[in-house]
Amino acid sequence: QARLVESGGGLVQAGGSLRLSCAASGNIFRIEDMGWYRQAPGKQRELVATITSGRSTNYADSVKGRFTISRDTARNTVNLQMNSLKPEDTAVYYCNARVYRDTYYAENSWGRGTQVTVSS
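Conventions and cut-offs
- Residues numbered from 1 in each chain as written.
- Predicted model: local features only at pLDDT ≥ 70, side-chain atom pairs only at ≥ 80, totals over all residues.
- Heavy atoms only, no water.
- Pairing = 2+ DSSP bridges.
- Helix = DSSP H or I, 4+ residues; strand = E, 2+ residues; numbered from the N terminus.
- Axes fitted to C-alpha atoms, helices over the stretch in contact; angles between N-to-C directions.
- Disulfide = S-S within 2.5 Å.
- Buried < 20%, exposed > 50% of the residue type's maximum accessible area, 1.4 Å probe, protein only.
- Salt bridge = Lys/Arg side-chain N within 4 Å of Asp/Glu carboxyl O.
- Polar contact = N/O pair within 3.5 Å; in protein donor to acceptor, adjacent residues only side chain to side chain.

**Quick word on the sheet that holds strand β7 (residues 67-72)**
Where strands meet in a sheet, backbone hydrogen bonds hold them as pairs that are either parallel or antiparallel.
Then comes step 1: Pairing is antiparallel in the open sheet, where four strands are placed in the order β1-β3-β8-β7. The open sheet is flanked by β1 (3-7) and β7, the only strands paired with a single partner. Shown here is a sheet whose adjacent strand axes are inclined to one another by a mean of 15°, direction ignored.
Then comes step 2: Here β1 pairs with strand β3 (residues 18-25) via five bridges, running antiparallel. Bridge pairing in β3 links Glu-6 to Cys-22.

**Here we look at the state of the cysteines**
Then comes step 1: On inspection of all chains with the given rule, the structure shows one disulfide.
Then comes step 2: One disulfide bridge connects Cys-22 with Cys-95, the sulfur atoms lying 2.1 Å from each other. Residues Cys-22 and Cys-95 are joined by a disulfide whose S-S torsion is about -85°; by sign, that bridge is left-handed. Of the two residues, Cys-22 is situated in strand β3 and Cys-95 in strand β9 (residues 91-100); the sequence distance between them amounts to 73 residues. This pair shows no difference in class: Cys-22 is buried, exactly as Cys-95 is.

**Brief notes about the pairing of strand β11 (residues 114-119)**
Then comes step 1: The alternating pattern of β11 places Thr-114, Val-116 and Val-118 on a buried face and Gln-115, Thr-117 and Ser-119 on a face that is not buried.
Then comes step 2: Relative to β11, strand β2 (residues 10-13) runs parallel, the two sharing four bridges. Paired with Gly-10 across the two strands is Val-116, which belongs to β11.
Then comes step 3: One ladder, built from three bridges, connects β9 with β11; its direction is antiparallel. Bridge pairing in β11 links Val-92 to Gln-115.

**Looking at the pattern of salt bridges**
Then comes step 1: Scanning the entire structure with this criterion turns up seven salt bridges.
Then comes step 2: Notably, a salt bridge pairs Arg-101 with Glu-107, separated by 3.2 Å at the nearest N-O pair.
Then comes step 3: For Arg-101, a relative accessible area of 34% corresponds to the partly exposed category.
Then comes step 4: Through salt bridges that share partners, Arg-38, Glu-46, Arg-66 and Asp-89 make up one connected network.

**Quick notes on the side chain of Glu-107**
Then comes step 1: By the element assignment, Glu-107 lies in strand β10 (residues 106-110).
Then comes step 2: A distance of 3.2 Å separates the side chain of Glu-107 from the side chain of Arg-101, its partner in a polar contact.

Put into structure tokens, the structure is as follows:
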């Protein structure tokens, strides 16, 4: 099974920036979609941004124009550049990837999450 490890979370003031990174390792043949989700206390996990293997991107309306997702296919990494952060961006951010072990078998993998806290 693939393993996803996030890094880059932390505490930042409103208006500041953070860059999250996620590296996938393990039994990987190829990775299709990669993405970031977040979960704030008392709320459901929600999509933040996704990127396909062809680098098509999709963003939640709440982060459009502030966040940028990117990936390095050769290194099996995905990044999330977060600018103009707001207190409502505070959440645990999770990396997600659809990982193929071989030509046919795919699994949906999650990281353990990294905390992002934005102070007002």
